[in-house]
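This is what each chain is made of:
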Amino acid sequence: MATLLLGGLAASAQMAHQHSFRATCEEPTLKCASKVTPTFAPDGSLWLAWAAGGRVSVARSADLGRSFSPASAVNPDPLELDWGPDARPKIAVDAQGRVFVAFAIFKDKNFNGQVLFTRSTDGGSRFAPPIPITADRESQRFESIALDSDGSLFAAWLDKRNRAPAKARNEPYPGAALAFAWSKDNGVSISETSIVADNTCECCRLGVAFAGLGRPVIVFRNIFDARVRDHAITTFRDSRTPGQIHRVSVDDWKIDACPHHGPGIAISGHGTYHVTWFTNGLIRKGLFYARSRDAGRTFSSPLRIGNFDRNPSHPSIAAAGDTVWVAWKEFDGERTTVPVMVSHDDGRTWSSPIVIAETADESDHPLMVTDGRRAFLSWQARIEGYRLIPLEETR
């Protein structure tokens, strides 16, 4: 993995924050967590998965984050968790209270990873020993999991299994492959891995949503023309068949290194795709939003998000009905703020940004989460701790 990150000083500070968080707070508690991932269960309860002290832990809240159940350790023994800026544990909860967790570890000093998977069948009290999500011994990172409407569990990640065969043929192999698998038996087993595409960017999170039953949608940073790392999207034709890859935006970011800055996607009640991303391309720079009314084949002209002078980064997006919310980070050299803007007409028009949270110290990326009706900002900061902020007041 290349070490060049976004924007020089800002990215270096971000990576230093991750190491500082890890070095000064090694307890596996929520207050020590550097990465916190939320999800709502079908019964309306909030679940968190977090990384701290080499462990992934899970807890449940029945009162929107005001209190939590005792945390359960996913891995009782510490592991070298993937601490990359775009990496975090993933969590999903089904209608029967089964809890699914995936996370990545580093296998060596070269940042080769392994994605591990586990589940709980007793409401998150105990987890099975984590197992590799695939038997292949090559590197896997930046996993994403999501539950389809029939309860099937979909997993996607970045996979380097085709790197060695390319090297044996004396062929270059930039990036990684976009891989996926399913569990159709409530997490008991995971299908054989399939490849969507080779030569995607190897170090950015994936955005996953569903266009219908058995039809995942993945937005990812792709490698075009060997050097350009712009975003692409695919909509599955059925559960085993990825669709054609379409370009989200021509930004022309030519970089032979790792941006560590993946996209986000939400699909509204009318089937509109809403996508956010970061670019440092020749054509445009900064954070942007676009929408697609034709299943990702074409997108609207990119709309700039945030104040470019405040280093806007890491946008997150959520949708419920015709309402769409976007949150992101900004940094003025002293304080980090989280602005939010909202659209009540399926992305056609947007409110002015409103800052709803801030901190003067280290913090996680802001994440949007929805219970299907309402949206919330989920944010972990070192001083303020974990916050779940309702967004109804952003109208």
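Rules and cut-offs
- Residues numbered from 1 in each chain as written.
- Predicted model: local features only at pLDDT ≥ 70, side-chain atom pairs only at ≥ 80, totals over all residues.
- Heavy atoms only, no water.
- Helix = DSSP H or I, 4+ residues; strand = E, 2+ residues; numbered from the N terminus.
- Rg over C-alpha atoms; globule rule 2.2 N^0.38 Å.
- Contact = heavy atoms within 4.5 Å.
- Areas by Shrake-Rupley, 256 points an atom, 1.4 Å probe, with all protein chains shown as cover.
- Lys, Arg positive; Asp, Glu negative; His and termini not counted.
- Charge placed at Lys NZ, Arg CZ, Asp CG, Glu CD.
- Pairing = 2+ DSSP bridges.
- Axes fitted to C-alpha atoms, helices over the stretch in contact; angles between N-to-C directions.
- Core = buried A, V, L, I, M, F, W, Y, C linked by side-chain atoms within 4.5 Å.
- Buried < 20%, exposed > 50% of the residue type's maximum accessible area, 1.4 Å probe, protein only.
- Salt bridge = Lys/Arg side-chain N within 4 Å of Asp/Glu carboxyl O.
- Polar contact = N/O pair within 3.5 Å; in protein donor to acceptor, adjacent residues only side chain to side chain.
- Phe/Tyr/Trp six-rings, centres within 6.5 Å; stacked < 30°, edge-to-face > 60°.
- Lys NZ or Arg CZ within 6 Å of the ring centre and 35° of its normal.

**Some thoughts on the overall build of the protein chain**
- Looking only at helices and strands, the protein chain features two helices and 27 strands.
- Taking 2.2 N^0.38 as the reference for a compact globule, 395 residues should give roughly 21 Å; the C-alpha atoms of the protein chain span a radius of gyration of 19 Å, in line with that estimate.
- Seen along its three principal axes, the alpha-carbon backbone of the protein chain occupies a region of about 55 × 45 × 40 Å.
- Sequence separation of 24 or more characterises 49% of the internal contacts of the protein chain that already satisfy a separation of 6 or more.
- Accessible surface, the protein chain as shown: approximately 16,100 Å² in total, 50% of it carbon and sulfur.
- Charge-centre separation for the protein chain: the mean point of 45 positive side chains lies 2 Å from the mean point of 44 negative side chains.

**Notes on the sheet that holds strand S11 (residues 176–183)**
- Spatial ordering of the open sheet is given by S9-S10-S11-S12, a layout of four strands whose pairing is antiparallel. Since the sheet does not close on itself, it has two edges, and those belong to strand S9 (140–147) and strand S12 (194–200), each with one partner. Strand-to-strand twist across the sheet, computed as the mean angle between neighbouring axes with direction ignored, equals 20°.
- Pairing between S9 and strand S10 (residues 153–159): six bridges, direction antiparallel. From the neighbouring strand, serine 144 faces S10, where its bridge partner is alanine 156.

**A look at the sheet that holds strand S2 (residues 46–52)**
- Read across the sheet, four strands follow the order S1-S2-S3-S4 without closing on themselves; strand pairing throughout is antiparallel. Looking at strand neighbours, the two that pair on one side only are strand S1 (35–40) and strand S4 (72–73), the edges of this open sheet.
- Note that strand S3 (residues 55–61) and S4 share two bridges and pair antiparallel. Residue pairing in the sheet places serine 57 in a bridge with alanine 73 of S4.

**Quick word on the nonpolar core**
- Core analysis: the largest hydrophobic core is formed by 24 residues, its most contacted members being Phe154, Leu178, Phe180, Leu206 and Ile218.
- Mapped onto this core, the elements with two or more residues apiece are S9, S10, S11, S12 and strand S14 (216–221).
- Sort the elements by how many residues they give to this core and S11 lands first, with four residues.
- Setting aside its immediate chain neighbours within four residues, isoleucine 218 contacts Phe154, Ala156, Leu178, Leu206, Gly207, Val208, Ala232, Ile233, Thr234 and Phe236.
- With 16 residues, the next largest nonpolar core counts Ala49, Ile91, Leu116 and Phe127 among its residues.

**Notes on the pattern of salt bridges**
- Following the criterion strictly, the structure yields 19 salt bridges and no others.
- Across the salt bridge formed by glutamate 171 and arginine 169, the nearest N and O atoms sit 3.1 Å from each other.
- Among the ionic pairs, arginine 374 bridges to aspartate 371, the shortest N-O distance being 2.6 Å.
- The exposure class assigned to arginine 374 is partly exposed, which follows from its relative accessible area of 25%.
- Residue class for aspartate 371 comes out partly exposed when judged on its relative accessible area of 22%.

**Considerations on the side chain of threonine 234**
- Within the secondary structure, threonine 234 sits in strand S15 (residues 231–235).
- On the accessibility criterion, threonine 234 (0% relative accessible area) is buried.
- In this structure the side chain of threonine 234 is engaged in a polar contact, spanning 2.9 Å, whose partner is the backbone oxygen of glycine 243.

**Examining the pairing of strand S5 (residues 90–93)**
- Residues Lys90 and Ala92 of S5 are buried on one face, and the alternating residues Ile91 and Val93, pointing to the opposite face, are buried as well.
- What sits between the antiparallel neighbours S5 and strand S6 (residues 99–106) is a turn of five residues, in which glycine 97 has the positive phi angle 80°.

**Some remarks on the packing of aromatic side chains**
- One pass over the structure, following the stated rule, counts 14 aromatic pairs.
- Plain terms: the ring middles of phenylalanine 40 and phenylalanine 376 are 5.4 Å apart, the flat faces sit at 45° to each other, and that makes the pair tilted. Of the two residues, phenylalanine 40 is situated in strand S1 and phenylalanine 376 in strand S26 (residues 375–381); the sequence distance between them amounts to 336 residues.
- Take phenylalanine 40: its relative accessible area is 10%, and that puts it in the buried class.
- Between phenylalanine 68 and tyrosine 386, the ring centres sit 6.2 Å apart and the planes meet at 75°, which makes this aromatic pair edge-to-face. Residue phenylalanine 68 is located in the loop between S3 and S4, and its partner tyrosine 386 is located in strand S27 (residues 385–390); the two are separated by 318 residues in the primary sequence.
- Phenylalanine 68 sits in the partly exposed class, given a relative accessible area of 27%.
- Residue tyrosine 386 is classed as buried on the basis of its relative accessible area of 15%.
- An aromatic cluster is defined as three or more aromatic residues linked by ring pairs; in this entry it consists of Phe154, Phe180, Trp182, Phe210 and Phe236.
- Taking NZ or CZ as reference, arginine 247 lies 4.1 Å from the ring centre of phenylalanine 224, over its face.

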